[in-house]
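Coordinate inspection notes
These are the residues of each chain, in order.
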Amino acid sequence: MSAGAPRGLASSGQKPIGEILHPLCVAEEPLSPGPDVTVDTEGEKEAVLTNGTPVETSSPASASSLFNRLQLDDDLEADGRDPYASTEAHDLFVTVDDPKKHVSTMETYITYRVSTKTTRIEFDLPEYCVRRRYQDFDWLRIKLEDSQPTHLIPPLPEKFVMKGVVDRFSEDFVETRMKALDKFLKRVADHPVLSFNPHLNAFLSAKDLNKRQGLALLTKVGESVKHVAGGYKLKVRPAEFCAMGEYLDTFSQKLGTIDRIAQRILFLQSEYLTEVREYSSVYSSWAGSEEELQRPLEGVSCTVSKSCQALEDLSENMGQDFLPVLREYVLYVESMKNVLRKRDQSQAEYEGRLEAAVLRRQEDKSPIPVEVEKCQDRVECFNADLKADWERWQSNKRQDFKQLLTGVADKNIHYFETCQAAWESFITVLQDKQTEDRTGETN
């Protein structure tokens, strides 16, 4: 993306208001369902997502059909490229690392180093290095959501943890949160619109982030969305956006089911590890009282210990790599639903103003109010930006889940190979013992 890319609120594929044919100029028709909805010969509409995938709106998708949509095959890397991303090289690189604990008389908190390298003219220097805490990331996300209401803002990791269950200052928790914050910032920096937001510039470059000032750069679209009156009610959501909502509901349910099962597996693995470690120690203590069986008994103890370590590594991978991705996409679904609700509010406002304008025109032949045209422009902006971000989100999701499931497979293969190698080495110990016994009997 070049430094000359448009700043502020941009809409992918949005037409100027002068080129939009207003409904009052031709006939009183509802909003078009969009170019991604096909109509058969009998007039029935078939909902189709922007990636060409048909969605069955009559019943929730099954687990198999849901994951078929992930299309986790090797050919996806070429087909899943973001069509809305810039073809030029990236010119903004960010990294979150080096967590540090700070203890004061008032509070204890963790800060993270945020490093930036860029060639953009909006930045005074080519490199920056600042320290930010979680609430600074939260401030950035709120500002992005306020100033870019038509775009999907990546989620942050959950702020609160249950006391007594997770220590928010533990090394594992801090490491997991650092990875999530790094992913959040990279997604924002790679976005063709969000990456040019002045709040992001301040977050990356300001030595002391003044969150009270906050730059206060709400766009006209943002102001309109925040002050939408509650009196308008959406008549019909376009079929393509209905398909998005139904997909998000089903996807969220499946993620929740997988998360619960994974949590149960982790719990059972923890109990199993406790029992097996005790099993190993029994063989070890037994070997001290059986001189003739010492080597085989110690071999069993060593083999079981190696298997325990392999299972512990497998569980650690699930807790630190697998589950965080599931929870991230659960939060992503909520963010997408939030943008959908804002889009519906904008459409409802447009429909309400349009209906009032139609009645006035029938009475006194009054011209089209400017407010109606502005509302229509906002709806077009929402539709274009939401569909662009949907495509980008789908592409990221496919890549993330491909990497996630491939990693899970590799970790499980490594676990079973480690256990198999450990027990095969124990067979060698038994064979050596058997050879020694036969030699002793012969002598």
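Residues numbered from 1 in each chain as written. Predicted model: local features only at pLDDT ≥ 70, side-chain atom pairs only at ≥ 80, totals over all residues. Heavy atoms only, no water.

Attention shifts here to a negative patch on the surface. On the surface, Glu171, Asp172, Glu175, Asp313 and Glu316 cluster together to form a negatively charged patch. Going through the elements one at a time, helix H5 (171–190) and helix H9 (294–364) are the ones with two or more residues in the negative patch. Examining the composition of the negative patch, we find that three residues originate from one element, H5, more than from any other. Its location among the elements puts Glu171 in helix H5. (Patch = residues over 30% accessible without salt bridge, like charges linked within 9 Å, V, L, I, M, F, W, Y side chains within 5 Å. Areas by Shrake-Rupley, 256 points an atom, 1.4 Å probe, with all protein chains shown as cover. Salt bridge = Lys/Arg side-chain N within 4 Å of Asp/Glu carboxyl O. Lys, Arg positive; Asp, Glu negative; His and termini not counted. Charge placed at Lys NZ, Arg CZ, Asp CG, Glu CD. Helix = DSSP H or I, 4+ residues; strand = E, 2+ residues; numbered from the N terminus.)

For the protein, per-residue confidence averages 77 on the pLDDT scale, and residues scoring 70 or more make up 72% of the total. Note that pLDDT drops below 50 for residues 1–88; the model gives that stretch 170 contacts with residues more than four away or on any other chain. Every residue in residues 213–230 scores below 50 in pLDDT, and together they form 31 contacts with partners more than four places removed in sequence or on other chains. (pLDDT = per-residue confidence, 0-100. Contact = heavy atoms within 4.5 Å.)

Note that Thr116 resides in strand E4 (residues 108–118). Residue Thr116 is classed as buried on the basis of its relative accessible area of 1%. (Buried < 20%, exposed > 50% of the residue type's maximum accessible area, 1.4 Å probe, protein only.)

It is worth spelling out the nonpolar core at this point. Within the largest apolar cluster, 29 residues are counted, with the highest numbers of intra-cluster contacts made by Val96, Val114, Phe137, Leu140, Leu185, Phe203 and Leu204. Those elements that provide at least two residues to this core are strand E3 (92–103), E4, strand E5 (127–133), helix H4 (134–147), H5 and helix H6 (198–205). Broken down by element, this core gets its largest block of residues, seven residues, from H5. Setting aside its immediate chain neighbours within four residues, Leu185 contacts Val94, Val96, Val114, Phe137, Leu140, Leu200, Phe203 and Leu204. Ranked by size, the runner-up nonpolar core spans 26 residues in total, among them Ala262, Leu266, Tyr329 and Val339. (Core = buried A, V, L, I, M, F, W, Y, C linked by side-chain atoms within 4.5 Å.)

What is meant by a disulfide is a covalent connection between two cysteines, made through their sulfur atoms. Under the defined criterion, the tally for this structure stands at zero disulfides. The closest cysteine sulfur to the non-disulfide-bonded Cys308 is located on Cys419, 8.8 Å from its own sulfur. Overall, Cys308 belongs to the buried group, its relative accessible area being 5%. (Disulfide = S-S within 2.5 Å.)

Our next topic: the packing of aromatic side chains. Applying the stated rule across the entire model yields 15 aromatic pairs. Judged by centre distance (5.8 Å) and plane angle (75 degrees), the ring pair of Tyr247 and Trp390 falls under edge-to-face. A residue pair is termed long-range when its members are at least 10 positions apart, and Tyr247 in helix H8 (residues 239–287) and Trp390 in helix H10 (residues 370–442) qualify at 143 residues. Taking the centre distance of 6.0 Å and the plane angle of 80 degrees together, the rings of Phe251 and Trp393 count as edge-to-face. Highlighted residues: Phe251 in helix H8 and Trp393 in helix H10, separated in sequence by 142 residues. Grouping residues by exposure puts Phe251 and Trp393 together as buried. Among the aromatic residues, those joined into a cluster by ring pairs are Tyr247, Phe251, Tyr329, Tyr332, Trp390, Trp393 and Phe401. (Phe/Tyr/Trp six-rings, centres within 6.5 Å; stacked < 30°, edge-to-face > 60°.)

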